[in-house]
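Single-letter residue listing:
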Amino acid sequence: MTFSIFQAINTVENCLIPSLPDSLAGVEALRVYLILPELVSVLEESPYKIAKLLGLLSRSILLLKKDSFEILESLWRTLSVHYFRKLVELYRSSSKHLVEVNLPVGNADLFDCLTILQALYKVNGSRDHMIPENDFHIPLVQIIKQNVMPQMNVLERILQYCQYNTQLYQMATALMRYPCIFDLDAKVFLLQTENAVFQAVCSSASQLQTVYSNNLHLYSASHAD
């Protein structure tokens, strides 16, 4: 990476994004939010660094006052198909990376990026030239199978299994606030995970009840003697 690119990254991360106000005067001033993602997308950086920069940018956008945010939405709405799809892909790919590295819990960068992705999905519905819904999808089932299932297979005790599935289900529930990322497989998997958690909880409760009953029986028998 050249020194000039290194300077650009540090300028964007440490100076430009933190200095953005929550209210920008006029349409032209808000165009900075169209330029910055384009700058981030061409940086020769790791997916982690790009996602981190995008998380910071997302946070700045979410701090905009309502009228400024609505103007930004109107700018997104008028972008060409090429640049709008590129913007969506930037947020989608960064969100995908953040899901991969944060399972089974999320973080602020992930949820901020997903909030912007969901906002772009909403804008897409009112564009003259819409892009396909699957451009917003994240392969959650594939990610979960690669990153979670191998660990779940070695869990022997039902309480451990229940705890891990509960964390996974909690994240899946949190992700439900961003329906644009769910394909059919992900929706089915969410229902299956919910059922697995329920069964694990019931089985665990049954085991605890059995242990309690056995101990109570032994206690009663010992005192009867």
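An account of the accompanying structure is given in this report. This one's a predicted model, so the numbers in the text were calculated from it and none came from an experiment.

The rules behind each value
- Residues numbered from 1 in each chain as written.
- Predicted model: local features only at pLDDT ≥ 70, side-chain atom pairs only at ≥ 80, totals over all residues.
- Heavy atoms only, no water.
- Helix = DSSP H or I, 4+ residues; strand = E, 2+ residues; numbered from the N terminus.
- Polar contact = N/O pair within 3.5 Å; in protein donor to acceptor, adjacent residues only side chain to side chain.
- Contact = heavy atoms within 4.5 Å.
- Core = buried A, V, L, I, M, F, W, Y, C linked by side-chain atoms within 4.5 Å.
- Buried < 20%, exposed > 50% of the residue type's maximum accessible area, 1.4 Å probe, protein only.

The next thing to look at is the side chain of Arg92. For Arg92, the position within the fold is in helix H6 (residues 81-102). Here the side chain of Arg92 touches Glu89 through a polar contact of 3.0 Å, side chain to side chain. Polar side-chain contacts of Arg92 include one of 3.2 Å to the backbone oxygen of His137. Ignoring sequence-local partners within four residues, the contact set of Arg92 consists of Leu117, Asp135, Phe136, His137, Ile138 and Pro139.

Moving on, we come to the nonpolar core. Ranked by size, the top nonpolar core spans 50 residues in total, and within it Ile61, Trp76, Tyr91, Leu114, Leu120 and Ile181 carry the most contacts. For this core, the secondary structure elements donating two or more residues are helix H3 (32-42), helix H4 (47-62), helix H5 (66-77), H6, helix H7 (108-124), helix H8 (140-147), helix H10 (158-175) and helix H11 (184-224). The dominant element in this core, judged by the number of residues it contributes, is H7, at 9 residues. Every residue in contact with Leu114, bar those within four places of it in the chain, is listed here: Ser95, Ile138, Leu175, Tyr178 and Ile181.

Turning next to the environment of Leu53. Its place among the elements puts Leu53 in helix H4. Taking the C-alpha atoms as reference points, Leu53 and Ser94, 41 residues apart in sequence, are found 9.8 Å from one another.

So far we have only geometry, and geometry alone does not tell us how the molecule works.
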